[in-house]
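Residue-level listing of the chains:
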Amino acid sequence: MLRRPRTSTAKAVNYNDMDSEMSFSVPASSDEDIEEWKPPEPKPKALTKTGRDQTAGEKKAPAKRTAKPKVPKETKPPKAPKVPKEPKPRVPRKPAAERKTQAAKVQKGSGARGLAGTKRKKSDEDDKLGEDKGEKQTDCPEVETAEESGPSIRMKEERVSFIVSEACQADKCAGEGSSLTGLKAKKEEVEEDFTFDEPCQKKQKTSGAGLGQPTALPSSLAQALRNELNMNWDLIEVLSVLTCVERWVCVNIITLLREENTVPFMVRYRKDMINHMDADAVRDVQLIYEELCSLAKKTKSVIQTLKKDGVLTDELEQDLRNCRSTDELDHVYSPYKKGSKLTKARRAKALGLEEAACALMEKPHTLDLRAWVKTGTEGLSSMEDVATGVEHILADMIAKDPETLTYVKTLCENSSVTIQSSVSKSALKEKEQDKSVQGQKKPGAQQNKNKDIDKFHLYFDFTSNIQRIQPHQTLAINRGESLKILTVKVNIPDRVKNDFTRWCINNRWRPKTFAREELNIIIKNAVEDSYKRLILPFLTRSYRNKLTSAAEKESIAMFVRNLRQRLLVCPIRGCVIMGVDPGFRHGCKLAVLSPTSQIIHTDVVYLHNSGQQREADKLRHLMIKYGCTRVVIGNGTACRETESFFADLISRRYFHPLDVSYCITSEAGASIYSVSPEAVKEMPDLDPNLRSAVSIGRRVQDPLAELVKIDPKHIGIGTYQHDVSAGALKAALDGVVQECVSFVGVDINICSETLMRHVAGLNAGRAKNIAEWREQNGPFINREQLKLVKGMGPKTFQQCAGFIRINPQTSARSSPHPGPAVPEKPAAKKAKGKTGVNIPTSFNPLDQTCIHPESYHVAQRFLSIVDGSADQIGSAALQQCVESKVRSSSVEELARTVDTTPETLKLIIDGLTQPPGFDIRQNFGQADFKRGIVSMSDLRVGAVLTGRVDNTALFGAFVDIGVGRAGLIHKSNITLDKLPVSQRRRSLALGPGERVEVRVLNVDAQRGRIGLDLIRVLQ
């Protein structure tokens, strides 16, 4: 009921009005240029937050309606939502709402005050915490693959969180087609405004029939968590409400996290426990769990501080323990903070007026304010002073009353609350000063300052409903405010104040007995004072914090999606590559790399000075000598000139008989890496400039192995990275790197130490120990030998073993020390407690698969059932045997036969049928190599081109169309009919590396901006 008006408000969005104000500005492809022009791009993103608010509203409405029947509380609730989930097409939407229902049922039992708290929590935080999860889920439909695809080729994609299965695609498409039949018409109005920024909720995976096995909540764990946090709310309940995940799944995730399991391990090998959630969804639950634990810790610290100061009362302690967000905690705690001046209410209480205030509410007929007057005492010297003191105490009580705060928030949700930004007086003054000295030469700093002011011109008179403002607009406004260019305020309609005052006087804060007129005036004044002085600033802070938090999470989600796709670009194998770091004065640095990324030759050529023919001859000599047919050029300084030089030589068949082609790749972070300790250790004898050329070449040969060496925030992905929490961004990006490295897998005998440290369960120290063991004892023969490495305990082995591969080609290399060193290793490790470790010395074919060692015995039983052997792994014969067996008996039946779960058996089938050396990245696009060049001056409006998405922002996608400048496809041009089925419910639908066909809408050569329209995504 509370959310209904919000839903209807959120759906009525006029995208055209917002988008029409956008000047189609397309930045340069460099990260710096993108950073410079972002703030002026406000209006377009009319989709993102609206969609999510609608989704949130949709989830909340059913929750309230079905909260009435408070039936069983333990095992049954997770089952209930599975019945209404009949309309399959509505999978992306319905489970989220159902899970809300679940949480509402549980919450209902906690009494009226608990319910009020839940409603408040839902409206305040569920939107901001849930929206970014839904966004991420879209990129990670691992769950549906696991349950629906069966033992087909789709299973061979290893069900990683970033692969879209065909089954999932079909479901999503069906969900679109029947969007008007799945739910009631009122909710479906939201669906009419289709937006890619409103993805299918990731929580859908926790409601699918036949997914996990809901079990009774372990009361011991629940009680232990409650005792540990010592708060007045149940951690499991609150976590379930905020994440829309069933209680039993939340319990399992918390249990796994407390047992130090990594997210990649949980997602691949504990699917049944987490109900097939993907990595992003699990990380979101982990993040909110950590936030709640942090809140409990902060609350405990605040209580101890107040107790030490002697101001803690039982009532205040309960108010603190009832807080479910840092905003609420700060609101309750702020009057008591050290350094803050004594509040008006505390001064009045110090004068002893609290008793009078309580009497005014409880028994006003007995209250005589004249009895409290004390002439000569400041604050009590007159009736007016006493009345004012009582008003201040009542105002403070009103502002801290949970029921009152819940009511005023409900009023706000039913009203049109807007955020408004305008140019600040100081910025206007600077602009006027600039105009007055127009004829004089301005210093550089002043010019830059004025340039910054102009960037925010779209926000000089900007107003947006807080439910519809887009994340990039929020971040731009925040940046302008921090630079003192903009002033920002939240506008709450006067109707809210009037309704709130009326409700307080007539209901919540109405005296229990008859009160005289002068006492009623005191109550009215107290209500108005509380609203204006205390509640309004609290609501403003709350809205701003909510918007900022949601925008930061959306921006980080964009970083995560972009980084994942950048890391998973398909490697270019089996050819010699020349990496070129272009430059003018210092020349172009070259690095010739072997098919295995070994450095064959490095050199410097000066292509842009006199003597170009001589340099061209040198290039031809190197290309022919080493058989190099691929050239990779960095996109930095002199890129276009270097590209033109190579294109000219190729067009003249200068490298004949070689068929040479080139590609442009991002060199973001290459210069930083070239002087890093890792680069010095890896290439100690090379000049840093030459190291950059090596890095550029390797980024195409094996993007994942090379890019993990660079701090993710330097790779040049996403937007507004300086406006979001550095810690949250680093944690999210590090998690994605670990996820990608783990799901791709590493050959432990040839991978670098840097790559190894990103495998789930490993760190820098353990990776170093593995590398040292490998140097001293030769290649690993099997996974069991990892147990001999220093620091590799049972838990570490469990976490990393499934992601480490032992390939027969690399394990058979002759070791530096002749003879097997394995049997002697335990003796050498006596002090480490590994003497009794019995390690086999033979190669195990299962070690080259994604099957975890803990399931080897199951894999052997399955092989015996299908009449196969481990030596046949990846062969067509074994694949045929497995497929025929699965056709004759279902996976579930076979799983019971071999005594395991269907999820584990599906993973085993994948591992046994995937060909040796299978790489999940083979389904992703490679770098585009070309032989000719097109310049920006050649572009014409209406021209149709193909290109590759270079980066995505919150307002659109940047596409490299080969003219040296990236064009922008604004998000309004990324529509449903232009996308394949697999991408129709993904946020923005496009990501780095995807090939697209586009039409040129406009070209601004002076500003270097190109506007594009999406025609279709190329498969």
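Predicted model, so just to flag it, every value in this text is computed and none were measured. (Residues numbered from 1 in each chain as written. Predicted model: local features only at pLDDT ≥ 70, side-chain atom pairs only at ≥ 80, totals over all residues. Heavy atoms only, no water.)

A. Highlighting the environment of Pro 402. For Pro 402, the position within the fold is in helix α21 (residues 402–413). Judged by relative accessible area, Pro 402 falls into the buried class, the value being 16%. Separated by 79 residues in sequence, Pro 402 and Cys 323 place their C-alpha atoms 9.5 Å apart. (Helix = DSSP H or I, 4+ residues; strand = E, 2+ residues; numbered from the N terminus. Buried < 20%, exposed > 50% of the residue type's maximum accessible area, 1.4 Å probe, protein only.)

B. Geometry of the pairing of strand β12 (residues 956–960). Judged by how many residues are buried, β12 sits mostly within the fold: four of five residues are covered. Hairpin remark: strand β11 (residues 944–953) followed by β12, antiparallel, with two residues in the connecting loop. Pairing geometry for β12 and strand β13 (residues 966–970), over five bridges, is antiparallel. From the neighbouring strand, Phe 958 faces β13, where its bridge partner is Leu 968. (Pairing = 2+ DSSP bridges.)

C. Highlighting the packing of helix α39 (residues 856–865) against helix α42 (residues 902–913). In contact at an axis separation of 10 Å, α39 and α42 are set at 70° when each is read in the N-to-C sense. What the angle tells us is that α39 and α42 run roughly perpendicular. Along the contact surface, α39 presents Val 858, Ala 859, Phe 862 and Leu 863, while α42 presents Leu 905, Ile 908, Ile 909 and Leu 912. Tallied by class, the residues present in the contact of α39 with α42 amount to eight nonpolar, no polar and no charged. (Axes fitted to C-alpha atoms, helices over the stretch in contact; angles between N-to-C directions. Parallel < 35°, antiparallel > 145°, perpendicular 65-115°, else oblique. Contact = heavy atoms within 4.5 Å. Nonpolar A, V, L, I, M, F, W, Y, C, P; charged D, E, K, R; others polar.)

D. The arrangement of the packing of aromatic side chains in detail. Tallied over the full model, the rule gives 10 aromatic pairs. Both rings, one in Tyr 269 and one in Phe 803, keep their centres 5.7 Å apart while their planes meet at 50°; by these two values the pair is tilted. Residue Tyr 269 is located in helix α13 (residues 263–269), and its partner Phe 803 is located in the loop between α36 (794–800) and β10 (804–805); the two are separated by 534 residues in the primary sequence. The residues Tyr 269 and Phe 803 share a single accessibility class, namely buried. Where Tyr 407 meets Trp 503, the ring centres are 4.0 Å apart and the plane angle is 10°; that geometry is what we call stacked. (Phe/Tyr/Trp six-rings, centres within 6.5 Å; stacked < 30°, edge-to-face > 60°.)

E. Focus on the packing of helix α25 (residues 494–508) against helix α26 (residues 517–567). Packing of α25 against α26 brings their axes to within 10 Å, and their N-to-C directions diverge by 135°. With respect to their mutual orientation, α25 and α26 come out oblique. The way α25 lies across α26 gives a crossing that is right-handed. Here Val 496, Lys 497, Phe 500, Thr 501, Cys 504 and Ile 505 of α25 come into contact with α26, specifically with Lys 524, Val 527, Glu 528, Tyr 531 and Ile 535. In terms of residue class, the contact of α25 with α26 is built from seven nonpolar, one polar and three charged. (Left-handed = near helix turned anticlockwise from the far one by under 90°.)

F. Layout of the side chain of Thr 810. In this fold, Thr 810 is placed in helix α37 (residues 808–811). Reaching out from Thr 810, the side chain makes a polar contact with the side chain of Asp 747 at a distance of 3.0 Å. Setting aside chain neighbours within four positions, we find Thr 810 in contact with Asp 747, Asn 749, Ile 750 and Pro 779. (Polar contact = N/O pair within 3.5 Å; in protein donor to acceptor, adjacent residues only side chain to side chain.)

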